[in-house]
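Overview (structure and organization)
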Amino acid sequence: MRKFRYHTPGTAPATLVPLPEQAGCTPKLRLISYDAHSFHDREIETIDELLDSVEGSKVNWINVDGLGDVETLRKLGEHFRIHPLALEDVFNTGQRPHLDEYEDQLFIVLQMVYQEEKGELVFEQMSVFLGDRYVITIQEDPGDIFEPIRKRLREGRGNARFMRSDYLAYTLIDAAVDQYFPLLEALGDSIECMEEELLEDPTREKLRQIHEFRQALAQLRRAIWPTREVLTRLLRDESGLVAEKTKPFLRDCLDHVLAIVDLLESYRDITTSFMDLYVSSLSMRTNEIMRVLTIVSSVFIPLTFIVGLYGMNFADMPELHWKFGYPAILLIMLAVAIGMIMFFKRKNWL
Amino acid sequence: MRKFRYHTPGTAPATLVPLPEQAGCTPKLRLISYDAHSFHDREIETIDELLDSVEGSKVNWINVDGLGDVETLRKLGEHFRIHPLALEDVFNTGQRPHLDEYEDQLFIVLQMVYQEEKGELVFEQMSVFLGDRYVITIQEDPGDIFEPIRKRLREGRGNARFMRSDYLAYTLIDAAVDQYFPLLEALGDSIECMEEELLEDPTREKLRQIHEFRQALAQLRRAIWPTREVLTRLLRDESGLVAEKTKPFLRDCLDHVLAIVDLLESYRDITTSFMDLYVSSLSMRTNEIMRVLTIVSSVFIPLTFIVGLYGMNFADMPELHWKFGYPAILLIMLAVAIGMIMFFKRKNWL
Amino acid sequence: MRKFRYHTPGTAPATLVPLPEQAGCTPKLRLISYDAHSFHDREIETIDELLDSVEGSKVNWINVDGLGDVETLRKLGEHFRIHPLALEDVFNTGQRPHLDEYEDQLFIVLQMVYQEEKGELVFEQMSVFLGDRYVITIQEDPGDIFEPIRKRLREGRGNARFMRSDYLAYTLIDAAVDQYFPLLEALGDSIECMEEELLEDPTREKLRQIHEFRQALAQLRRAIWPTREVLTRLLRDESGLVAEKTKPFLRDCLDHVLAIVDLLESYRDITTSFMDLYVSSLSMRTNEIMRVLTIVSSVFIPLTFIVGLYGMNFADMPELHWKFGYPAILLIMLAVAIGMIMFFKRKNWL
Amino acid sequence: MRKFRYHTPGTAPATLVPLPEQAGCTPKLRLISYDAHSFHDREIETIDELLDSVEGSKVNWINVDGLGDVETLRKLGEHFRIHPLALEDVFNTGQRPHLDEYEDQLFIVLQMVYQEEKGELVFEQMSVFLGDRYVITIQEDPGDIFEPIRKRLREGRGNARFMRSDYLAYTLIDAAVDQYFPLLEALGDSIECMEEELLEDPTREKLRQIHEFRQALAQLRRAIWPTREVLTRLLRDESGLVAEKTKPFLRDCLDHVLAIVDLLESYRDITTSFMDLYVSSLSMRTNEIMRVLTIVSSVFIPLTFIVGLYGMNFADMPELHWKFGYPAILLIMLAVAIGMIMFFKRKNWL
Amino acid sequence: MRKFRYHTPGTAPATLVPLPEQAGCTPKLRLISYDAHSFHDREIETIDELLDSVEGSKVNWINVDGLGDVETLRKLGEHFRIHPLALEDVFNTGQRPHLDEYEDQLFIVLQMVYQEEKGELVFEQMSVFLGDRYVITIQEDPGDIFEPIRKRLREGRGNARFMRSDYLAYTLIDAAVDQYFPLLEALGDSIECMEEELLEDPTREKLRQIHEFRQALAQLRRAIWPTREVLTRLLRDESGLVAEKTKPFLRDCLDHVLAIVDLLESYRDITTSFMDLYVSSLSMRTNEIMRVLTIVSSVFIPLTFIVGLYGMNFADMPELHWKFGYPAILLIMLAVAIGMIMFFKRKNWL
């Protein structure tokens, strides 16, 4: 289950608390500044040095990896006039994706998703501050899904370097969204595999798998669905930070999100229908088992009664001394058995 | 399951990748130009030749079959100033139907549907670019659902040739939508057939069929539902590309889409209710089987006990030596059996 | 299932195809013209004669019964400038109720409902064209639900003859809507009857009935629900064809539609809950059957073992020769049986 | 089930038909006129006398009990210029609560609810006409939920007599709404009682009760839900009949309606979950019964086979003559029984 | 179940009735007045004294604990011109959270939640009146979730004392909302624990727990969901009481509410899916039990018949006297048993 971080009730609003498992670790800082003609990419040790290096005339992309140190981010926040509540959201990971508008600045929270080795889903919060000449990205863990973006910027391919910070923010969001596709494809393959087996052999293990699929789909849906609104609000942006030229790209990204939601919905429908299949298939099996039991019992229990009858030790049982007694009783039992079997045939149970 | 094509995460936006299974195949090009007085229909080898043949004063319908060659479409895109992201959507088949508005151009994505020999549904993406004097249609595979439209244009019947490119686009969309009707009718017939059998004989095979119906309905719904929005947006078009005279036709097409959705909903309700019927019918059968088992067992098990009783070898069992012992015990057993049967009669189990 | 008529894919838009089962039959024509002072009611043979008889200064109600002849309706359409797509909808029966606005004319499609002798629901499409001085009604079959309206017009009772064509259209729609009430009442009675029986005796026949109820309710809902929108749109009419004075009547009709939908919803809830009742009641019965089986088996199987024990032929079984062996074993068996029965009593199974 | 009265299809709009069970009975009439300084309360025999007694300068509250006489209400309607369709709704009881706006007059329909001795819910329609200086209330049966209101008016407590007819209408609506609370409380208590018992002992009687709860909740919901809209429309009244000063009271009444709907929803959730509990609890019991049957059968059936084996009459069975044959076989059977029991222990079935 | 207090039907609007269990107890009064430079915190005995101590130039926070005395609150209401209906809502605890706008005053009702020792949820109504220079909070019981707020005010940390009454109201609402988090975390932990056990061992105790989880989630949802609307309406406040500077804080609080609702939804999905798991897991167990019964019965019942056969006492049964009769019959029985077991193996039941 995705964990939601929250403050102890009673804490003052906008209190910053570092991630407990990272407390004390210095975050990794990286500054990329570029315009159409130049590109600088530096890893920088201290926040002061970084803030000095920001070049006002270029697009500055500041990336912070790690939430262990409150001070660094407070300084960053002061320099770029970030609202304390936005900073609080950066530290309280597990937020729903959302967009907050502040004066001259947009604050975007997204959830990136990875699949761990054991197949478990891991979510990581990405916080993005978009200003006129800068983009600040803050991640929980040192990850590297942005390497292709840096490469494109470095090589100056496409129109990436000719555009402004809003386009950079778009490429970052797009990168976060595109991660969902391979994950969904893998999930879709597993689901398709399961479909065949379910009707034949409904085991407890499969029940567990269906349950896990549903949990995973619900988690993914909760992480991606609000992203839709983030993009819709970027598209009808009123802050002037998003250029008209960038909007078709955002619209395209929105289409991707809708496609992901669409796929998730269709997977959810299928797994819901799996649960029905499972139960029906199990009922069918129980029905078959009962049928076998009933047929065997109904054929042999009356016969056992008959043989018991002539096993009685009464002094005076004429049949026992009749010459054809034994073969007659055998024939009678055969008739009873055949009658029973015909009854079941007619009932369509055989 | 409808496959969704997506780029490897990290690919630059608007990258064009040919369909892998068609990679290298040259797409088939066809240009139809017409006005009220003339009609030209040519299959053309190269894209350059085609672009030279476009006549500005007529309605030009360019049809491209096949997505194996990026270069052809890039040239087409440059000539008609198509946005790179729209071209990307053309290649990334499996898109949800949608409409994007660009300056002087509308980009429409639709899903056509066919039924394969084995009954499986196949979806094919149709991309339509609608401009002032041209319509560009791009299909995945060489298909021919447009032949009746070409014929009507060639013969100049109706008012098709007197109208502009928006009416042509309408006839194309209408053709794609109308394909759903015979498919739905076939599906409806299968469903009606099943209804009767389900109550009588709930087999595992039928469970599988219900599941497949539901999957098919869900797929069709996902393909047709967003078409509704495409048409709604064409109807309140602000680009000036859609003439008032064409709108009643689009409205009619929208009515068809709504009728299809309506039918799909009603089929979905029925198949959902089939699942209930299946489970109830199965429970009913299990109940009947249990009843037979219980009646047979309850009648004969006590009798078997009695005969076992007098099969004991105790030295001193007075009944065994009583003259009427045997007939008496037979009468007692008859009474027990009749008592049991009357009990079940009263319980309404017989 | 309500059948939806559609054109073979590839047919030109607005193609008129007569109903196959009526092809060639001449439709029955009837013209009623009236104003406050006069009333004329004629059955007319040919469409030309009818069009000649239309009196511009009065309200003209043209009724056409039967969809076998395309030519008649084409002439009617030309005379009253009916859009070809509207005429197409007249012939493609099974349309969802809807309202299309054309210049100086409203086109309304409704579904009337009848119950056949065997209880099956039959839907019939009624197409209404409402213009300034005329109302045209086109029905599939010669029916007569409008006789009370004609009678009221003929006798000049109420304010019917003082009002215009819009009021006539209202009375027609109202007549179509009011047909649903007796049908719903009959349905409601059947449902109430069923309720009692279901808990006592869940048979397969009742399962079929529940299923048929649900289908009927779904069909009725699909036919009446869109009528709501037709009336809402008539109420905020912008064509000027609907007078303010008529609106309270339309509002009243809308209230009737809402009451019908309300009833349908409540019936649907009840039948859904019937399905639950059915399954629960069946489970309860299976449970009871199992209980009887278990009690009988559990009491007698151990006893049968004991009597079998002393039916063994071992040479040396001391109990067999003990004087009180037989009575002792009888007592033991009694104790076992009583023990078992007390166990079941404590479990509350008896 | 709440009965819906409707006209035979074909009846002219706005036809008034008295309630069949009251036909011919004269309705009871009562006129209360008051202002800040005076209060008159009279029961009056005839409608003409009543209309003469209306005092234009005061607030007049006319209450009519009984729908057996059309003439009385027609005269009332003519005097206060009531629309014939509104009068029709008064007679066609079982209407959904709704509000119709007429010139200078609001027409409100509400459903009051009572609980009969046997616990059955009875709904009664209350029709309210609100004009500038008058309120007319029309009820199906002589009831007396308005006595506290009359008393407050008579005693002149609170600000009731200082306010106008809209405040009087509010107190009437409020009285009708407040009746739902004690009913809901009783229902809630029954539900809470049931909760405990359901897990322990799922009987058929409880199934019936759950079903009845759900029906009752659905009926209450259908009666109270549209009241929400009536109040909302009163709050944004455009007729000028509702004073600003009265609105906080109406808002409060709306809050009550929302609280009732809220409670109904929560009860519905609980009863739905009861159905699940019932089925699960029943499955659990069936499972337990099966377990007992399986354990008893599985332990004794193999033993019975063994004792049967040595009950055979073969001439040459060496074991029978072995000295320790009998004790050995007893030991073997003990071992089998213990083995079986241990198997069930390990399976956690014991 | 959360209890809803309501008046006996017929009570005059805005009647104040003390909480029966607190009737006669004097409420505890506390007045805190502060501005940027000063801070006074007093517990005051009588309401008159308190009203005298209110300082118009500062922010005054009046807290009332206990609803046993009507007079105190009536005086408070008169002094701050509180609408009688708002006061009525204060006493009728169990209200849905809502916001009412009065002239110069906002009235907010919230539900605080605690968990009792036994794990039961307890809701307490908090009523807040927000005016220009004052905030009045009224609670049912003496609680202390506001101590951290008082401490922050006392110590003058943060910007709390520099802001106005609207910010104080925000901190109070925030405190009430933040209480939900630890509760939800505990609930989430219990749910996660259960997940594992459910598949392995579906007991009746777990069924009860699932049911209790669902009830608790439904109660929490009903208490927190309307809080969303309270905050939304505060954000688009038109009374001028909420400063722009406070809005980002309210937006943050709204984000918390959304996160809580989000979590509740996800828990609800999981518990719903638990119910499915429970039933499926139970079916699986019943299926397994049936399998054991069927296998044991089907193997031994035919064998028991055979041994019974040769236990018959017919005078003339040749097999009994055949030398190899006994070993032959043993072999036959072995063959039957093996055949049966192979049949079950092939059916995959073993």
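Higher on the page you've got the structure.
A brief look at the structure comes next. All figures in this text were calculated on a predicted structure; none of them were measured in a lab. (Residues numbered from 1 in each chain as written. Chains lettered and ligands numbered in written order. Predicted model: local features only at pLDDT ≥ 70, side-chain atom pairs only at ≥ 80, totals over all residues. Heavy atoms only, no water.)

Description of the relation of the copies chain A and chain E
- The transformation that overlays chain A on chain E combines an axial shift of 0.1 Å with a rotation of 72°, and the residual RMSD is 0.1 Å. Both chain copies can therefore be described as sitting about a five-fold axis. For chain A, the minimum C-alpha distance to the rotation axis belongs to Gly 311 of chain A and amounts to 4.7 Å. (Least-squares fit on C-alpha atoms with pLDDT ≥ 70 in both.)

Re the side chain of Glu 195 of chain B
- Relative to the assigned elements, Glu 195 of chain B resides in helix 6 (residues 180-200).
- Here Glu 195 of chain B is buried and forms no salt bridge, its nearest opposite-charge partner Arg 208 of chain C lying at an N-O distance of 8.3 Å.
- A polar contact of 3.4 Å, which involves the side chain of Glu 195 of chain B, links it to the side chain of Gln 215 of chain C. (Helix = DSSP H or I, 4+ residues; strand = E, 2+ residues; numbered from the N terminus. Buried < 20%, exposed > 50% of the residue type's maximum accessible area, 1.4 Å probe, protein only. Lys, Arg positive; Asp, Glu negative; His and termini not counted. Salt bridge = Lys/Arg side-chain N within 4 Å of Asp/Glu carboxyl O. Polar contact = N/O pair within 3.5 Å; in protein donor to acceptor, adjacent residues only side chain to side chain.)

Notes on the sheet that holds strand 4 (residues 98-102) of chain C
Residue and element names in this part refer to chain C.
- If you walk across this open sheet you meet the seven strands as 2-1-3-7-6-5-4, and the pairing is mixed. Two strands close off the open sheet at either side, each with one partner strand: strand 2 (39-44) and strand 4. Pairs of neighbouring strands in the sheet enclose a mean axial angle of 15°, with direction left out of account.
- Pairing geometry for strand 6 (residues 121-130) and strand 7 (residues 134-139), over five bridges, is antiparallel. If you follow Ser 127 over to strand 7, its bridge partner there is Ile 138.
- This element, helix 2 (residues 70-79), spans strand 1 (28-34), strand 3 (59-65) and strand 7 of the sheet and lies at about 160° to strand 3.
- Lying over the sheet, helix 4 (residues 147-155) contacts strand 1, strand 2 and strand 3, oriented at roughly 135° with respect to strand 2. (Pairing = 2+ DSSP bridges. Axes fitted to C-alpha atoms, helices over the stretch in contact; angles between N-to-C directions. Contact = heavy atoms within 4.5 Å.)

Here we look at the environment of Glu 192 of chain E
- Relative to the helices and strands, Glu 192 of chain E is located in helix 6 (residues 180-200).
- You can call Glu 192 of chain E partly exposed: its relative accessible area is 33%.

Some words on the interface of chain A and chain E
- With 58 residues of chain A at the contact, the number on the chain E side is 65 residues.
- Overall, the association of chain A and chain E removes approximately 5,500 Å² of surface from exposure, summing both partners, and the carbon and sulfur fraction of that is 64%.
- Across the chain A-chain E interface, the total number found is two salt bridges.
- With a shortest N-O distance of 3.8 Å, Glu 288 of chain E and Arg 204 of chain A are connected by a salt bridge.
- Listed by contribution, the elements that provide at least two residues to the side of chain A that touches chain E are helix 3 (84-91), strand 4 (98-102), helix 7 (204-235), helix 8 (247-309), helix 9 (318-321) and helix 10 (325-346) of chain A.
- When residues in the side of chain A that touches chain E are grouped by element, the largest group, 18 residues, is from helix 8 of chain A. (Buried area = accessible area lost by both parts, 1.4 Å probe.)

Digging into the interface of chain B and chain A
- Counting residues at the interface gives 58 residues for chain B and 66 residues for chain A.
- Surface buried jointly by chain B and chain A totals about 5,600 Å² across both partners, of which 64% is contributed by carbon and sulfur atoms.
- Applying the counting criterion to the chain B and chain A interface returns two salt bridges.
- Where chain B touches chain A, the interface holds nine residue pairs in polar contact (both at pLDDT 80 or more).
- Looking at the side of chain B that touches chain A, the elements that each hand over two or more residues are helix 3 (84-91), strand 4 (98-102), helix 7 (204-235), helix 8 (247-309), helix 9 (318-321) and helix 10 (325-346) of chain B.
- In terms of residues, the side of chain B that touches chain A owes the most to one element, helix 8 of chain B, which gives 18 residues.

Structural notes on the packing of helix 7 (residues 204-235) of chain D against helix 8 (residues 247-309) of chain D
Residue and element names in this part refer to chain D.
- Direction vectors running N to C along helix 7 and helix 8 enclose 155°, while the axes themselves pass 9 Å from each other. Accordingly, the angle class assigned to the pair helix 7 and helix 8 is roughly antiparallel. The two elements helix 7 and helix 8 meet at a crossing, and its hand is left-handed.
- Here the residues of the contact of helix 7 with helix 8 sort into 22 nonpolar, three polar and eight charged. (Parallel < 35°, antiparallel > 145°, perpendicular 65-115°, else oblique. Left-handed = near helix turned anticlockwise from the far one by under 90°. Nonpolar A, V, L, I, M, F, W, Y, C, P; charged D, E, K, R; others polar.)

A closer look at the pattern of salt bridges
- Tallied over the entire structure, the rule returns 90 salt bridges over all chains.
- Close ionic contact of Glu 147 of chain A with Arg 154 of chain A constitutes a salt bridge, the shortest N to O distance being 3.7 Å.
- The exposure class assigned to Arg 154 of chain A is partly exposed, which follows from its relative accessible area of 38%.
- In this structure, Glu 147 of chain D and Arg 150 of chain D form a salt bridge, with 3.1 Å as the shortest nitrogen-oxygen distance. With Glu 147 of chain D and Arg 150 of chain D both in helix 4 (residues 147-155), this residue pair falls three residues apart, about one helical turn.
- A residue is classified by how much of its surface remains accessible, and Arg 150 of chain D, at 3% relative accessible area, is buried.
- Among the charged side chains, a network of salt bridges with common partners joins Arg 30, Asp 41, Glu 43, Glu 147, Arg 150 and Arg 154 of chain A.

Worth remembering: the numbers are spatial, not functional.
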